[in-house]
There are 4 protein chains.
Amino acid sequence: MSLNSFGHLFRVTTWGESHGPALGATVDGCPPGVDIDESAIQQWLDKRKPGQNKYTTQRREPDAVRILSGVFEGKTTGTPVQLMIENTDQRSKDYGDIAEKFRPGHADITYWQKYGIRDYRGGGRSSARETAARVAAGGLARAALGVLAPTIQIEGYMVQMGSHRADPAKYDMAEIPRNPFWCPDAQAASDWADYLDRLRKSGESVGAVIEVVARGVPAGLGAPIYGKLDTDLASAMMSINAVKGVEIGDGMAAAALTGTENADEIRMGPDGPVYGSNHAGGILGGISTGQDLVVRFAVKPTSSILSTRQTITKSGEETEIITKGRHDPCVGIRAVPVGEAMMACVVLDHLLLHRGQIGDAGGQIG
Amino acid sequence: MSLNSFGHLFRVTTWGESHGPALGATVDGCPPGVDIDESAIQQWLDKRKPGQNKYTTQRREPDAVRILSGVFEGKTTGTPVQLMIENTDQRSKDYGDIAEKFRPGHADITYWQKYGIRDYRGGGRSSARETAARVAAGGLARAALGVLAPTIQIEGYMVQMGSHRADPAKYDMAEIPRNPFWCPDAQAASDWADYLDRLRKSGESVGAVIEVVARGVPAGLGAPIYGKLDTDLASAMMSINAVKGVEIGDGMAAAALTGTENADEIRMGPDGPVYGSNHAGGILGGISTGQDLVVRFAVKPTSSILSTRQTITKSGEETEIITKGRHDPCVGIRAVPVGEAMMACVVLDHLLLHRGQIGDAGGQIG
Amino acid sequence: MSLNSFGHLFRVTTWGESHGPALGATVDGCPPGVDIDESAIQQWLDKRKPGQNKYTTQRREPDAVRILSGVFEGKTTGTPVQLMIENTDQRSKDYGDIAEKFRPGHADITYWQKYGIRDYRGGGRSSARETAARVAAGGLARAALGVLAPTIQIEGYMVQMGSHRADPAKYDMAEIPRNPFWCPDAQAASDWADYLDRLRKSGESVGAVIEVVARGVPAGLGAPIYGKLDTDLASAMMSINAVKGVEIGDGMAAAALTGTENADEIRMGPDGPVYGSNHAGGILGGISTGQDLVVRFAVKPTSSILSTRQTITKSGEETEIITKGRHDPCVGIRAVPVGEAMMACVVLDHLLLHRGQIGDAGGQIG
Amino acid sequence: MSLNSFGHLFRVTTWGESHGPALGATVDGCPPGVDIDESAIQQWLDKRKPGQNKYTTQRREPDAVRILSGVFEGKTTGTPVQLMIENTDQRSKDYGDIAEKFRPGHADITYWQKYGIRDYRGGGRSSARETAARVAAGGLARAALGVLAPTIQIEGYMVQMGSHRADPAKYDMAEIPRNPFWCPDAQAASDWADYLDRLRKSGESVGAVIEVVARGVPAGLGAPIYGKLDTDLASAMMSINAVKGVEIGDGMAAAALTGTENADEIRMGPDGPVYGSNHAGGILGGISTGQDLVVRFAVKPTSSILSTRQTITKSGEETEIITKGRHDPCVGIRAVPVGEAMMACVVLDHLLLHRGQIGDAGGQIG
């Protein structure tokens, strides 16, 4: 019940700080018999890795994952899988200034107020570096899904940077890996590149909206009332650093619809129900419909910026701060693989829960 | 771990269906020594009660709560509090049609696919009636907060109906109880009344956005990384029937801000840190800052409408459906006290967690 | 996580006090589609019911269970099942004396020290009456086992009363329902009757040892390391009022064996492994072997006795106490169905867990 | 909820196998501000370390612990503490025989039946080596107790080896560290040395009983009904490898007492209630009385022995087995520090729970 864990049956506990010796994920509840090795997980970490282009932090980390337990002769054993990533770029620097001042928008002040401990080294536990452990766990979840539900495909992409939205009419999913923003709209990606370059040079940052879709999820997953699939997805995404909003399907825009507009009409297809639209984002009453699961989340702008802001010190003196250092002008970019990882973990978890609680008692249609 | 419970130390399990003999909340972990009686809980249930004006369902339920355990001589004992509400208006009617057809937008189809059981009586467990149990639990949470943290005030109100938004510049919190929409903008409430009346007469429905604020919450509450205060609030609000999006502070709009705009600057006041703005909605790194906690959630339009929609039957035949019966044209209205109840439960839970895990080890400023 | 619940996927929360209006069990996670009605549960409550013979308390309670939720048209729906038992014999009496004095061996003093609340009405929450709720939940678990694993048979019986042990060489399982002690040794039961009669008349009480066996449990159940089958059984049995020791298989006597004596040798039978003995009580490494699960627990003597004992009052004054009232000379008798209920809940829970976490990935032999 | 974790607020997840690269404990919920370094934990690991005398396995492991997270500048930060122990003595050997045969009394067969994976390297996850991680976590718990409740002292010792019991009349707690059995009875320890030497030379093994006492525990800890202090202790001790029975206070012997004998009479001392005896082992109704907490557990004989036993292979063929290798003739010896570690974790956990759920609402006497 302590609170660095998520998931019910596929349960992930992340540990570690930005500048400690290592960080990682203790994954309990992975099904046995899943083929896995470090390279299968590394591919997802490489997607999130910093320093890959000029739009992400220049911190140099190989983010090499080691599997310390739970795997024998290339297969999971059903026992806890320990995924460790050593921190190699713990560049020594003078933290003196940051150690005393609270950076606005960062968790410095609240961690101090809560814990009475000030780990000023790059945010300590509240650093976005923690998300590397999530991505490692998500890689394991994807491998398990590959065995249990091979039809499921999970994909994340950026749909908005600052106030600039990609145009769904121009989406081409093949574009996603071709630009540094994982954006399915090539034109938007090109515009964003110019925009973000200007922001980066001026020491400014900006927010973003990420969409993550899971295709091929069977109907019936989700555990009402308080472990609903959407509830767990909201929780998973909101737990990512800097996220301020989460939407399922039409999300906040659902408020503006009428009941007639919002009703996803149902017809019968050759393999079961077919829906005329997907306002629901693939979830009704907390349970998957078999349509695409669609989740969006908003990431606030990176709080580390070069403009001077008012703040205070631990001793309560008013002062100013400029946050120098290696930072992302749009931390939302690296949130894409993190969102995918959380989706993979939640979907796997609900597959296991459904298998445990329901077995094959679910109802057929037709 | 089964999934009709929420909360960590203040743990609420709701039970019951729309048309069963009763429903309720089993509340485990309420601190001992809290003054409570049924009337103190009833006041919140009365706020949510159906049939109070023409904008809510005409089902007539007294929603009278009984305390069956956990209270002795007017005080909580520290043992589980059972709050039971009997269903009195189980009007007998012909469900034959609904029993076979799935209502679009409702959870009929997914419950069937998951459980293989079709409780067609008003939605069964997926009915919004379940939220009465939440409100009862929230009433107990408020009573406990009254003892543990009397400065905390929780208030919910509607800020958008359909595409019509209230204007924050016109907010007068004294207006909230004066109109049927719990809207702080008197002009908006008046406009909404006309609008909703037209919708109601045409058998149509519409969505809404609710905002819930908790004032007076001390800094330091929240349990990173996966039991963050915002994570738990997102989960709590997303679990409410028909909710499709949750925002903290600026929410989805945070994506459009720059880092400079988003930084809530900090100065020193007589009683501690004072912030120049509250884009963060009172939460940094998952921990409360001491500013107002601000949560918003979008409720989709009621799925029960009088327009004809395409659907299928259990046996897979295509058909049409019109959902007659007693329903709310804007179920968001009654979601206001539900959102307040969830906020009360989450804040109390994190107060208890903080006391347990941290005690008085938190840091002082100045 | 609050602590009136047990079980992982089949999760039972009991609530209620000895002298409140009602008590019950909120059961979350019961599989859907299980045939159940009140009479199927009532049969087990009747087995535990007080006042059935002169050896159990003369409190007259029908202990009639009502199903308030989670069942529709005679089948479980997969949603929470609320099992409520109203307290009818809340005989008014003068508690003045007990309200001030702490009864030695009872939880009066520790509940006061913990909660600062003194519910003196028959022990309040710490009364053995709480076990009625367990038996109701166990009845539901048995019904679910009847569907999921019909080979499983659960049976409890008393093997020791005071210092008098039944003789395994004389066990005849058909004897169990024929004597008031659920004892498989007819001679022992006869001796115990005389012995207990003398104790009862002198206002004395005595302890007992109960054994519960589950036959037909498949190999492979149990979740190492901290949700082992034996760990969960130990926890379940130790949570029963007045239990002071729990044993699996040879239990404490295993300490006196050599490795050669203790090894349950394995041979191959027509349907899988066959063991030459069952020192292990059907569990190796926390996982079921397919042999009988064998659990024993010791119940201390009822603390309510007619002999005068030294004690103190709430205000710290030394005094004496005699506990009058309606009490069991050997509370272990009624612990038999309670132990069975806990066994049923634990076995069902682990069946569901295994199904969720492992599916059909388990290994075959031969 | 996955099942390699224990504890509610002080939550320990152990991971790792006997012959993998490393094993460890992920400890979530340790209070912040606790002084800790690796040497403070190492002292307890050294107590458990194999190869210290001729009575424990000759496997040579330094069992050096590394703190990978959660500690900054010598103090816990309130974030997860990762304690890692690398396996250095992974001596290469021919497992061919063991890889096919199931060792009687070991978990080989049940792990295979459950997981369909056979990690034959020294038992894999079911090896007693996992207990090193518990001892590390217990070392951290002791450090936290040193801050939160410095009066608490935890001590374990062996009270029975095979059928030879130590004599409580001869207990001298100063003897405990002076003999290899942690036995408070010097004469018994001397006798056991001869006895165990003979067993060791003949390739035989024997069981043991360990007692663990916690002194100075305040009254009021424990969370009825299903997170009782005794319930959690029973669970914690039963989860240790090879444990078959757990007792609180008089334990199984309580069955033979009368109510008069069993009543721990209460008088008033200068600092609160004083008890005339401690049959209850310091727990009434699941809550601590302020007396010594007394727990005992029985460890079965090591299953690895040199005598030939009947068994089967994975393919179902009957065969014989002799378990060669480096093993403990009495694994109970090294269970002493493990039992202490579990006691420390449980007591700390309940201190935190009490602080969270009750605060200072507990009742005073006098």
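In the nomenclature of an unreviewed UniProt entry, chain A is known as Chorismate synthase of Thalassococcus lentus. Under the heading Catalytic activity (unreviewed entry), UniProt records this for chain A: "5-O-(1-carboxyvinyl)-3-phosphoshikimate = chorismate + phosphate". Turning to chain A, the UniProt record has this under Sequence similarities (unreviewed entry): "Belongs to the chorismate synthase family."

Colleague: What should I look at first to understand the overall build of chain A in this one?
Modeller: A tally of helices and strands in chain A yields eight helices and 18 strands. Over its C-alpha atoms chain A spans a radius of gyration of 21 Å, differing by no more than 12% from the 21 Å that the globule rule assigns to 366 residues. Once the C-alpha set of chain A is aligned to its principal axes, its extents read approximately 70 × 50 × 35 Å. Across the 366 residues in chain A, those meeting the buried criterion constitute 70%. About 11000 Å² of surface is accessible on chain A, with carbon and sulfur atoms providing 48% of the total. For chain A, the separation between the mean place of its 38 positive charges and that of its 43 negative charges on side chains is 6 Å.

Colleague: What is the right way to look at the relation of the copies chain A and chain B in this model?
Modeller: Two copies of a chain can be linked by a rotation about an axis combined with a shift along that same axis. Least-squares fitting of chain A to chain B yields an RMSD of 0.0 Å, with the superposition described by an axial translation of 0.0 Å and a rotation of 180°. Viewed as a symmetry operation, the transformation between the two copies matches a two-fold axis.

Colleague: Help me out: how do you make sense of the nonpolar core in this one?
Modeller: Among soluble globular proteins, nonpolar side chains are generally buried collectively. In terms of nonpolar packing, the biggest core is built from 408 residues, with F181 of chain A, F181 of chain B, F181 of chain C together with F181 of chain D touching the most fellow members. Apart from the residues lying within four places of it in its own chain, the contact partners of F181 of chain C are Y55, M158, M161, A189, W192, A193, L196 and I333 of chain C.

Colleague: What is the right way to read the interface of chain A and chain D from this model?
Modeller: As a measure of interface size, the accessible area lost when the parts come together is often cited. With 44 residues of chain A at the contact, the number on the chain D side is 44 residues. The junction of chain A with chain D conceals about 3200 Å² of combined surface from both sides, 62% of it contributed by carbon and sulfur atoms. Between the two partners, chain A and chain D, sit zero salt bridges. Between the two partners, chain A and chain D, sit eleven residue pairs in polar contact (both at pLDDT 80 or more). Contributions of two or more residues to the side of chain A that touches chain D are made by β2 (11-16), β3 (22-28), β4 (65-67), β6 (75-76), β7 (81-86) and α3 (108-115) of chain A. A class-by-class count of the residues in the side of chain A that touches chain D yields 17 nonpolar, 17 polar and ten charged.

The rules we used
Think of each chain on its own: its residues are numbered from 1, step by step along the sequence as written. The lettering of chains begins at A and the numbering of ligands begins at 1, in the order of writing. Owing to the predicted nature of the model, reporting of local features is limited to residues with pLDDT of at least 70; listing and counting of side-chain atom pairs is limited to 80 or more, with chain, interface and lining totals taken over all residues. The side-chain numbers reported here are obtained from all heavy atoms of the structure, hydrogens and water having been left aside. UniProt positions are given in the numbering used here, feature names are shortened, and annotations may be inferred rather than shown by experiment. Helix and strand definitions here come from DSSP, where helices need a minimum of 4 consecutive H or I residues and strands a minimum of 2 consecutive E residues; each element is numbered from the N-terminal end. All radius of gyration figures rest on C-alpha atoms, and the globule criterion is 2.2 Å times the number of residues raised to 0.38. Exposure classes here rest on a 1.4 Å probe applied to the protein chains alone. A residue is buried below 20% of its type maximum, exposed above 50%, and partly exposed in between. Only the protein chains shown count as cover for residues, and the accessible areas themselves come from Shrake-Rupley with a 1.4 Å probe. Only four residue types enter the tally: Lys and Arg on the positive side, Asp and Glu on the negative side, with His and both chain ends excluded. A single reference atom marks each charge: NZ on Lys, CZ on Arg, CG on Asp, CD on Glu. What sets the superposition is a least-squares fit of C-alpha atoms, and only residues with pLDDT of at least 70 in both copies go into it. Note on terminology: a nonpolar core comprises buried Ala, Val, Leu, Ile, Met, Phe, Trp, Tyr and Cys residues joined through side-chain atoms within 4.5 Å. Contacts are assigned to residue pairs with any non-hydrogen atoms lying within 4.5 Å of each other. Put simply, buried area is the surface a 1.4 Å probe can reach on two separate parts but cannot reach once they are joined, added for both. By salt bridge we mean one thing: a side-chain nitrogen of Lys or Arg within 4 Å of a carboxyl oxygen of Asp or Glu. Within 3.5 Å is the distance limit for a polar contact, defined as a pair of N or O atoms, with the added protein rule that one can donate a hydrogen and the other accept it, and that residues adjacent in sequence qualify only through two side-chain atoms. As a working rule, the residues Ala, Val, Leu, Ile, Met, Phe, Trp, Tyr, Cys and Pro are called nonpolar, Asp, Glu, Lys and Arg charged, and the rest polar, with Gly in that last group.

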